[in-house]
Amino acid sequence: MPNSSPNNASSFLGKEKTWETMGRPSSICLFLILGLFSGLSLASAFDGPPYDSSAYTECKPHAEEPLYNGGILEDQQPEYTWVIGAKGNPVYSPAFRLQNLAQDTFYCFSTWVKINDAGSVLIRATLVTETTTQNCTGTVVAEGGCWSFLKGGFVLTAPSSSSILYLQASEGRDISMVLSSYSLQPFTEEQWRLNQQYKINKARKRAVAIHVSSKDGVELEGAEITVTQVAKDFPFGSAIAKTIIGNLRYQSWFKERFNAAVFENELKWYATEPKQGQINYTIPDQMLELLRANQIIVRGHNIFWEDPKYTPEWVLNLTDSMLQSAVNSRIKSLMEKYKEEFIHWDVSNEMLHFDFYEQRLGRNATLSFFETAHKSDPLATLFLNEFNVVETCDDVNSTVDTYISRLRELKLGGVTMGGIGLEGHFTVPNLPLMRAILDKLATLGLPIWLTEVDISKTLTKETQGLYLEEVLREGFSHPSVKGIMMWTALHPYGCYQMCLTDNEFHNLPAGDVVDKLLREWQTGTLEGHTDGQGSFSFHGFLGEYKVTARYGDKSVNSSFSLSQGDETRHFNIQI
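Residues numbered from 1 in each chain as written. Predicted model: local features only at pLDDT ≥ 70, side-chain atom pairs only at ≥ 80, totals over all residues. Heavy atoms only, no water.

As recorded in an unreviewed UniProt entry, the protein chain goes by Endo-1,4-beta-xylanase 5 and comes from Coffea arabica. Annotation of the protein chain in UniProt includes, under Sequence similarities (unreviewed entry), the sentence "Belongs to the glycosyl hydrolase 10 (cellulase F) family." (UniProt positions renumbered as here; feature names shortened; annotations may be inferred.)

What follows is the structure, given as structure tokens:
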């Protein structure tokens, strides 16, 4: 494997581009086809490689080959230079000097890191241009004596003629590290969108062929076909609050758009049992009834919140033994009451940042929560839920490797872990970083949900709409993301950070974005005629469909489900 260090700078060896590093020929061809369907120019498919979703979360004895054959770092070696550390101290760090970086270009950065120190160290990549500093463009928890994979990236809001990209320990420690198989690959905005469209067509859609024949098997050419998607497979929704109860306009607006929901606060312990023993589920019952009546699936949020600020006050004052009894009663009450009603439960909320229950009940407290919840409702998928995992890598408490480590720890303890919750409270999204983090989490093979997506209220409503579209497109296009929820419950005072409408249900810019994407991510109604072989074909979004076939004075109504699959879905109708 190619290595580079201060004493071995000349040992870096490149390798010729192969189909393994650039993608299979069939993928390239499909990129061209999808470029035609999506309206993007074919030029973008030729002037750069498809995005490489490769990611690694295990420390390896040898580094893998560089992504994109190194990209624009193919012929460059890192130089070791003094930089200002996290605590203001000078640190000797590996760095890349970058020339002529373009504005609004998506730069994907990756490298393998090996540290010579014992133990593990959080390594952070930082980009400095003439005018700005991006403190974190990627992180990895590197372990001594083996190679760890850092994957991240950045986008510049202004061009840079001279920049420096360097790596250092996040706490400012002066450690010895070696880099290998480093890569920096630029993508234009058009190329990035083409990659997204390719992934959407592959993960969210499927080819369908409807065959129409007579009762005796004769293929019917010219039969009229009307196909309508009546339900979507991908869960897309929003938080709701008790303000929806009795508000018919709110209910109508919500059910016209979304097929999934989550209660903002109404199931949290402080809401259902504000005083010990006084349990009241009246409000969540009413909210659940509304959603059930409209066939909207619901996530359960949450069983426990590790932040003492949002723990019932009476719970904080319990002795350890009384606390153990209280948490057992909480799980039993909640899970027995709502068994098989919620598709998910956020069992432990924000445990990377807070640890009230583990401090009081021991390190195995979370393990016990999951075990008890699974026994109480085996059909519910159980989640951890965290913020600042996908939004940024600047939070040392919730880096992607920290989250992965905690997930693995619980799995080793016997937890039936069903899914990964990423809250998604963004300010300025870094899409290459977001995609890189999703790639690393995807290696666990668990469904990923964006559970609380919004954009900071510190930005204008127009900017919120712009950034929301970026985040939603990025999430929807990643095949490991299995659902998206926005944190946009409406109150008389507004919303937590971002609203989709005003109180009269007139769209704000974020609402316009949601409506646009809802139209874009559905097949709608298609009309046409069967060809000479009696077939009508289309490429549709996954979900439920109704179809009507008419031939002469006869017609047949039918329905079919379109689930994920690589093969064409064939459906036969006889008239």
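(A) Here's a closer look at the overall build of the protein chain. When helices and strands are tallied, the protein chain shows 15 helices and 25 strands. Whereas a compact globule of 575 residues would reach a radius of gyration of roughly 25 Å, the protein chain reaches 26 Å, a difference of no more than 12%. The principal-axis extents of the C-alpha atoms in the protein chain amount to approximately 85 × 70 × 45 Å. By residue count, 55% of the 575 residues in the protein chain fall in the buried class. Pairs at least 24 apart in sequence give 77% of the contacts found in the protein chain among residues at least 6 apart. Total accessible area on the protein chain is roughly 24700 Å²; 49% of this is exposed by carbon and sulfur atoms. (Helix = DSSP H or I, 4+ residues; strand = E, 2+ residues; numbered from the N terminus. Rg over C-alpha atoms; globule rule 2.2 N^0.38 Å. Buried < 20%, exposed > 50% of the residue type's maximum accessible area, 1.4 Å probe, protein only. Contact = heavy atoms within 4.5 Å. Areas by Shrake-Rupley, 256 points an atom, 1.4 Å probe, with all protein chains shown as cover.)

(B) Seen up close, helix H5 (residues 248–255). If you check which residues of H5 are buried, you get Tyr250, Gln251, Trp253 and Phe254. With its buried residues spanning 165 degrees around the axis, H5 presents them on a single face. Buried residues along H5 sit in contact with strand S12 (236–240), strand S13 (260–263) and helix H7 (282–293). (Arc of directions from axis to C-beta.)

(C) Representation of the UniProt feature "domain: GH10" (unreviewed entry) in the protein chain within the structure. In the UniProt entry, the feature "domain: GH10" (unreviewed entry) is given for residues 221–517. The span residues 221–517 is 39% helical and 20% strand by assignment, and the distance between its end C-alpha atoms comes to 35 Å.

(D) A look at the pairing of strand S6 (residues 133–143). Note: strand S5 (residues 120–128) against S6, eight bridges, orientation antiparallel. Bridge assignment links Val121 to a residue of S6, and that residue is Ala142. Between S5 and S6, which follow one another and run antiparallel, lie four residues. (Pairing = 2+ DSSP bridges.)

(E) The domain arrangement of the protein chain, seen in detail. Per the domain assignment, the segments making up the protein chain are domain 1 (67–187) and domain 2 (267–506). A C-alpha centroid distance of 32 Å is found between domain 1 and domain 2. On the domain 2 side, the residues contacting the 20 residues of domain 1 number 13 residues. When domain 1 packs against domain 2, close to 1200 Å² is buried across both sides, 61% of that on carbon and sulfur atoms. (Domains from an automatic or database assignment. Buried area = accessible area lost by both parts, 1.4 Å probe.)

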